[in-house]
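Geometric and topological summary
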Amino acid sequence: MSSQSLLHGLAILLFLQWISTLIISFLQIPFPPALLGMLLLTLLLGTGIIHISYIEDICNLLIEKMGMLFLPAGVSMLLYLDVIKAEFSAIALTIIISSFAVLLATSLFLEFILKRQTKKGGKS
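What comes next concerns the included structure. Computed from a predicted structure; not experimentally measured.

1. Concerning the pattern of salt bridges
Across all of its chains, the model carries one salt bridge by this definition. As a salt-bridge pair, E111 and K115 come within 3.2 Å of each other at their nearest N and O atoms. In this pair, E111 and K115 both sit in helix α7 (residues 88-123), four residues apart, roughly one turn of the helix. Judged by relative accessible area, which is 41%, E111 ranks as partly exposed. The class for K115 is partly exposed, based on a relative accessible area of 48%.

2. Structural notes on the nonpolar core
Note on soluble globular proteins: their nonpolar side chains tend to be buried together. Residues L6, I12, L13, L16, I24, L36, L40, L41, L44, I50, I55 and I58 constitute the largest nonpolar core, which totals 12 residues. Elements with a contribution of two residues or more to this core: α1 (3-27), α2 (33-47) and α3 (52-64). A per-element tally of this core places α1 first, with five residues.

3. Topic: the environment of E56
Looking at where E56 falls in the secondary structure, it is placed in helix α3. Taking the C-alpha atoms as reference, E56 lies 16 Å from F15; in sequence the two are 41 residues apart.

4. Let's talk about the packing of α1 against α2
It is the contact of α1 with α2, at a shortest axis distance of 8 Å, that shows an interaxial angle of 120 degrees. On the basis of their axis angle, the class for α1 and α2 is oblique. As for the relative orientation of α1 and α2, their crossing is right-handed in sense. Here α1 contributes L13, L16, Q17, I19, S20, T21, I23 and I24 to the contact with α2, which in turn contributes P33, A34, L36, G37, L40, L41 and L44. Classifying every residue of the contact of α1 with α2 by side-chain character gives 11 nonpolar, four polar and no charged.

Cut-offs and rules
Numbers given for residues are sequential positions, taken from 1 along each chain in its written order. Thresholds applied to this predicted model are a pLDDT of at least 70 for local features of residues and 80 or more for the giving and counting of side-chain atom pairs; totals over whole chains, interfaces and linings are not thresholded and use all residues. Excluding hydrogens and water, the side-chain values take into account all heavy atoms of the structure. Think of a salt bridge as a Lys or Arg side-chain nitrogen and an Asp or Glu carboxyl oxygen that are within 4 Å of each other. Think of it this way: any DSSP run of H or I at least four residues long counts as a helix, any run of E at least two long counts as a strand, and we number them from the N terminus. Under the scheme applied here, a residue whose accessible area is under 20% of the maximum for its type counts as buried, over 50% as exposed, and between as partly exposed, the area being computed with a 1.4 Å probe on protein chains only. We call a set of buried residues a nonpolar core when its members are Ala, Val, Leu, Ile, Met, Phe, Trp, Tyr or Cys and they connect through side-chain atoms within 4.5 Å of each other. The axes used here are C-alpha line fits, helices contributing only the stretch in contact, and every angle between their N-to-C directions lies in the interval 0 to 180 degrees. Our angle categories are set so that under 35 degrees counts as roughly parallel, over 145 as roughly antiparallel, 65 to 115 as roughly perpendicular, and the remainder as oblique. Take the far helix as the reference: if the near one is turned anticlockwise from it by less than a right angle, the crossing is left-handed, and if turned clockwise, right-handed. Residue contacts are defined here by distance: any two heavy atoms, one from each residue, within 4.5 Å place the two residues in contact. Side-chain classes follow a simple rule in which Ala, Val, Leu, Ile, Met, Phe, Trp, Tyr, Cys and Pro form the nonpolar group, Asp, Glu, Lys and Arg form the charged group, and the remainder, Gly included, forms the polar group.

Any functional reading would require information beyond the geometric quantities listed.
Okay, here's the thing in structure tokens:
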């Protein structure tokens, strides 16, 4: 992991963030630029325009430091502790229902993909 590869990867990620911000501003749509940047990155990685080795080092570094990046959000929650206490049952119910929904959607999708692969394997 060299400083040059880190800077190169960071430049790519920041460029994609800048492009996504420009797109969102130009189209005037209510969409998070960071999410559009991730979608652009996924598209560019999938098509081979950006090779994974270009951003691998910076992504590994950011993942290592992810806990530290969530610290400000955790501290900010302390400011709204009274709201969280007042709405705890609604928050807990939402978390439980959405967790089950994600689990169900993931399992159905995985089952679909596995059946599709089995059918492809049987035809070959």
